[in-house]
Amino acid sequence: MSAYKLLIGGKLVDGDMTMDVVNPATEEVLAKAPRASEAQLNAAVAAAKTAFPAWAKTPIAERKQALLKIADAIEANGAELARLLTQEQGKPIGDATGEVYGTAAFFRYFTMLDLPVKVIEDSEGKKVEAHRKPLGVIGAIVPWNFPLILMAFKLPPALLAGNTVVLKPAPTTPLTSLKLGELIKDILPAGVLNIITDANDLGAALTAHPDVRKISFTGSTATGAKVMAGAAGLLKRITLELGGNDAGIVLDDVNPKEAAPKLFQSAFQNSGQVCIAMKRLYVHESIYDEMCAELATLADNAVIGDGLEQGTQFGPLQNKMQFDKVRELIEDAKKNGKVIAGGGTVDKPGYFIRPTIVRDITDGARLVDEEQFGPVLPVIKYSDPQDAVARANASPYGLGGSIWSSDPKRAYDLATQMSSGSVWINKHADLAPNIPFGGAGMSGLGSELGEEGLLEFTQLQVINMAK
């Protein structure tokens, strides 16, 4: 097993404790990871606070060069990072490789942005300027489904804006973040980036720390509410990217055979462990039976296995807690619908659940109303498209949604009625670093990515001068 270290104040250090990291495809211990104490968390925040003034004054061109060097380091070690990501997260090696190189691309993208002074008014009597200043120490909390790419939603814009960062990966997938710290520790000045790990016991301390000026959190809605409450006492800035229950609505003019593979991938990518995965599918009654049959065939033919094995399309659930939750939802769905594909586990070690299609189920069932975050798709019949939109919007979540139709105008008109932060037409879960991303309702607060995502890591300062 490789030795992994925390990054605090520019130095690689042991944790005050250790914790096991389990390979979800084998249920065997992959590595002993360091586990930080609260004292080490405080040391990381102190290091970030000390490093902030100099980093904030560093010209943005130099900060961009640092981001480019980080991207270079990620790419130079891409194969190693991808293999480690598959081992700790479970996803197929091809998907892991895409995530690693996508992470480098996100770092490169943010170097294309600037924070210029904006002149609001320049008249005879006054000149008014809008400046964007860094906030200070940022706490970045990343989940286990995409440990690297979701880190890249936060770290590049935070650093580009002149902030310093304490990064906390999920306890079940800390290794790629720790490895990244080892690879880039000499690129950034000491204390600008600190990486600490925990066993889900330091989040509250990081969120409430008086020297942390913003928390950027991706994770469950329940935990996001705790983050918001913890930040409230000091009125610190927060960005929350939380749970979703994305609905796809398939209109009656869609060819099921052509659309089914795209719908299937939208629901089952990363074994359904995607915040913006399609988690419930509304299909018009005229094509319902055919669509269900096509989806069931795709599920039956899916190749499930260890992500390091050639040909694997879908890996395991990432951890036992999620595995047990999804199995419970499937058992409940059997009482409220009909399982026509999957529905069971795989007879070998690992947290494997076969892609599962459930038909003849409707709103009110747990699988429809809750976020399953796993490889199970409820397919719901409807007759009136307006009713389907209303049912999609009835969820307290509002992260993403999609409309599927051969008529672009018809799809667009319905898309504008969906209550979600992102709406796709004839596709789903299409993200890019230049496109802002955020949720409505209980799916989050604020935006990530794009220029809007960069501005979330800044404080607006208006300078109003008399002439």
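The structure we're discussing is the one just above.
Basis of the calculations
- Residues numbered from 1 in each chain as written.
- Predicted model: local features only at pLDDT ≥ 70, side-chain atom pairs only at ≥ 80, totals over all residues.
- Heavy atoms only, no water.
- Pairing = 2+ DSSP bridges.
- Helix = DSSP H or I, 4+ residues; strand = E, 2+ residues; numbered from the N terminus.
- Axes fitted to C-alpha atoms, helices over the stretch in contact; angles between N-to-C directions.
- Phe/Tyr/Trp six-rings, centres within 6.5 Å; stacked < 30°, edge-to-face > 60°.
- Buried < 20%, exposed > 50% of the residue type's maximum accessible area, 1.4 Å probe, protein only.
- Salt bridge = Lys/Arg side-chain N within 4 Å of Asp/Glu carboxyl O.
- Parallel < 35°, antiparallel > 145°, perpendicular 65-115°, else oblique.
- Left-handed = near helix turned anticlockwise from the far one by under 90°.
- Contact = heavy atoms within 4.5 Å.
- Nonpolar A, V, L, I, M, F, W, Y, C, P; charged D, E, K, R; others polar.

Engineer: Explain the sheet that holds strand β22 (residues 458–466) to me, please; I cannot follow it from the model alone.
Structural biologist: Within a sheet, each strand pairs with its neighbour through backbone hydrogen bonds, oriented either parallel or antiparallel. If you trace the three strands from one edge of the open sheet to the other, you get β5-β6-β22, paired in antiparallel fashion. Unpaired on one side and paired on the other, β5 (118–122) and β22 mark the two borders of the sheet. Geometrically, the sheet is characterised by an average inter-axis angle of 20° between neighbouring strands, direction not taken into account. Here nine bridges tie strand β6 (residues 126–134) to β22, and the two strands are oriented antiparallel to one another. Within β22, the position partnered with Ala 130 by the bridge is Val 462.

Engineer: In this structure, what is going on with the packing of aromatic side chains? I would like to understand it.
Structural biologist: The geometry of an aromatic ring pair is captured by the separation of the ring centres together with the interplanar angle, meaning the angle of the planes. This structure, assessed with the given rule, holds seven aromatic pairs. Centre to centre, the rings of Tyr 109 and Phe 110 are 5.0 Å apart; their planes meet at 70°, and the pair counts as edge-to-face. According to the relative accessible area criterion, Tyr 109 is buried, its value standing at 12%. Of the residues examined, Phe 110 reaches a relative accessible area of 0% and is grouped as buried. Note on Phe 264 and Phe 268: the rings are 4.5 Å apart at their centroids and 35° apart in plane angle, and the pair reads as tilted.

Engineer: What is the right way to read the pattern of salt bridges from this model?
Structural biologist: Side-chain pairing between opposite charges can occur once the charged atoms of the two side chains come close. Applying the stated criterion to the full structure yields 32 salt bridges. Residues Asp 14 and Lys 5 are paired through a salt bridge, measuring 2.6 Å at the closest nitrogen-oxygen approach. Accessibility expressed as a relative area gives 29% for Lys 5, which makes it partly exposed. A salt bridge links Asp 198 to Lys 168; its shortest N-O distance comes to 3.2 Å. Of this pair, Asp 198 sits in the loop between β9 (193–195) and α7 (203–208) while Lys 168 sits in strand β8 (residues 164–168); the two residues are 30 residues apart in sequence, bridging distant segments of the chain. Connected via shared salt-bridge partners are Asp 72, Glu 75 and Arg 108.

Engineer: Is there a simple way to explain the packing of helix α3 (residues 78–89) against helix α4 (residues 93–110) in this structure?
Structural biologist: How two helices sit against one another is set out by the angle between their axes and by the gap between those axes. Look at α3 against α4: their axes get within 8 Å of each other, and the N-to-C directions meet at 125°. With respect to α4, the axis of α3 lies oblique. For the element pair α3 and α4, the recorded crossing hand is right-handed. For the pair α3 and α4, the contacting residues are Gly 78, Ala 79, Leu 81, Ala 82, Arg 83, Leu 85 and Thr 86 in the first and Ile 93, Ala 96, Thr 97, Glu 99, Val 100 and Tyr 101 in the second. Here the residues of the contact of α3 with α4 sort into eight nonpolar, three polar and two charged.

Engineer: I would appreciate a short explanation of the environment of Phe 314 in the present structure.
Structural biologist: Inspection of the secondary structure puts Phe 314 in the loop between α10 (288–301) and α11 (320–336). Taking the C-alpha atoms as reference points, Phe 314 and Pro 375, 61 residues apart in sequence, are found 9.1 Å from one another. Look past the residues within four positions of Phe 314 in its chain and what remains in contact with it is Pro 92, Phe 264, Gln 265, Phe 268, Gln 269, Ser 271, Ala 302, Val 303, Ile 304, Gly 305 and Pro 355.

Read these as geometric descriptors, not functional statements.
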